[in-house]
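# Per-entry structural report
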Number of protein chains: 2
Amino acid sequence: MAESDDYINLNKIDMSLKELLTEMKDISEVIVDLAYAALMFDSEDIAQEVEDLEEEMDDLKYAIRIKAMMAARTKDDAMQLSGLLQIANAAENIANAAADMVRLQEFPLEQRPFLSFILKESEEKIRMTQLSSDSDMVNHTIGELAIESNTGMRIIAIKGRQGWIYDPEPDIKLRAHDSIIVRGTEDGFRELVKYTSGKEAWEPEEVATDG
Amino acid sequence: MAESDDYINLNKIDMSLKELLTEMKDISEVIVDLAYAALMFDSEDIAQEVEDLEEEMDDLKYAIRIKAMMAARTKDDAMQLSGLLQIANAAENIANAAADMVRLQEFPLEQRPFLSFILKESEEKIRMTQLSSDSDMVNHTIGELAIESNTGMRIIAIKGRQGWIYDPEPDIKLRAHDSIIVRGTEDGFRELVKYTSGKEAWEPEEVATDG
């Protein structure tokens, strides 16, 4: 999946305007969480993902601009599409700001403030928990477990044997010893850790018996 | 709470650097959700709140810059603080992008694309539900109900008789007929509506009997 800097992903041109804008919206939301997570856990991997997502945003922005020009037939069309481009632009600016944030890690250590200490005070906290091999969440997908509906914790990223998965889809299966980065309230996190540690059985009926 | 454009809130100078950056982080996260909500529900009120929060960010940015200059005694201090200012800057840029997004509403109607249609395709959806007078969530605080831990739905804003409350604190009490704007999964929303509609009793033990 590695792409050189000057490579423009032309496949994205085939996406509809709706798909393009939806993807930009989704990235603009997750990238802010990822940027704060990168700073909190001083993680170069997560910082790299933020930079990759920012590049993807550039491709999407290019694709949506071309697509909009091709779609405009009348002045009314063009006016509507200019509004859509304004949103795409704002979404891209959010990604750029997130990437600026993580570039702090290129600075020498003494230039970095004690960020994790600072960010710990925030209302919605970003935290990490590891899945014990005793946890009965192991070998179930995120969708089966419905972790977000059941605990309120949103999974931002998972680190497993294969490396990182960011903004994971519901069909991703959890494995023993995976580290999970989540965002949510203190109560929700305390609840989640009961299950990830294996101290309590995962009760909700959403757990399917066959993976 | 109305402030003229050129008024600088000097009270913010009394906040610690940590408090200032934490507040900027919290705003940078909620403001993106609010901007998308304003577009989805074509709400001038929510758009106004986005613009107010952007102004608050300007005040915070000014305060953090002054505070950082006052705090720096040595070159090491100054280098650390410059990193902190870079994050503050990125948080402010996110707020600026969110405000750009909602300024689309100042355009004539024909310039606005069918945004709600587009945003409905997004993974994490923003939705609205109204609290029935039959719901036993009525007269309980958000904290007592632990809505986020129990359903995974994060409350972005509440519209009640007194107007809008954005990014509500846990001590806010829900009233009959309040409209709640939430963000989360489809499953979580379906779950939540069972209770807001009064069709099912709110079971979780977190409900205290006295408000």
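All figures in this text were calculated on a predicted structure; none of them were measured in a lab.

## What to know about the packing of helix α1 (residues 17–40) of chain B against helix α3 (residues 75–102) of chain B
Residues and elements named next belong to chain B. Interhelical geometry of α1 versus α3 gives an angle of 20 degrees and a closest axis separation of 9 Å. One element, α1, and the other, α3, form an angle in the roughly parallel class. Handedness of the crossing formed by α1 with α3: left-handed. Listed contacts from α3 to Leu17, Leu21, Met24, Ser28, Ile31, Val32, Ala35, Tyr36, Ala38 and Leu39 of α1 are Leu81, Leu84, Ile87, Ala88, Ala91, Glu92, Ile94, Ala95, Ala98, Met101 and Val102. The residue makeup of the contact of α1 with α3, split by class, is 19 nonpolar, one polar and one charged.

## Remarks on the domain arrangement of chain A
Residue and element names in this part refer to chain A. Taken domain by domain, chain A comprises domain 1 (10–110) and domain 2 (123–196). Using only C-alpha atoms to locate each centre, domain 1 and domain 2 end up separated by 25 Å. Residue-level contacts link 11 residues of domain 1 with 12 residues of domain 2. A combined buried area of about 1,000 Å² lies between domain 1 and domain 2, and 70% of that area is made up of carbon and sulfur atoms. Of all residues in domain 1, the largest losses of buried area upon contact with domain 2 belong to Val30, Asp33 and Phe41, amounting jointly to 46% of the total for that side.

About the thresholds
Residues numbered from 1 in each chain as written. Chains lettered and ligands numbered in written order. Predicted model: local features only at pLDDT ≥ 70, side-chain atom pairs only at ≥ 80, totals over all residues. Heavy atoms only, no water. Axes fitted to C-alpha atoms, helices over the stretch in contact; angles between N-to-C directions. Helix = DSSP H or I, 4+ residues; strand = E, 2+ residues; numbered from the N terminus. Parallel < 35°, antiparallel > 145°, perpendicular 65-115°, else oblique. Left-handed = near helix turned anticlockwise from the far one by under 90°. Contact = heavy atoms within 4.5 Å. Nonpolar A, V, L, I, M, F, W, Y, C, P; charged D, E, K, R; others polar. Domains from an automatic or database assignment. Buried area = accessible area lost by both parts, 1.4 Å probe.

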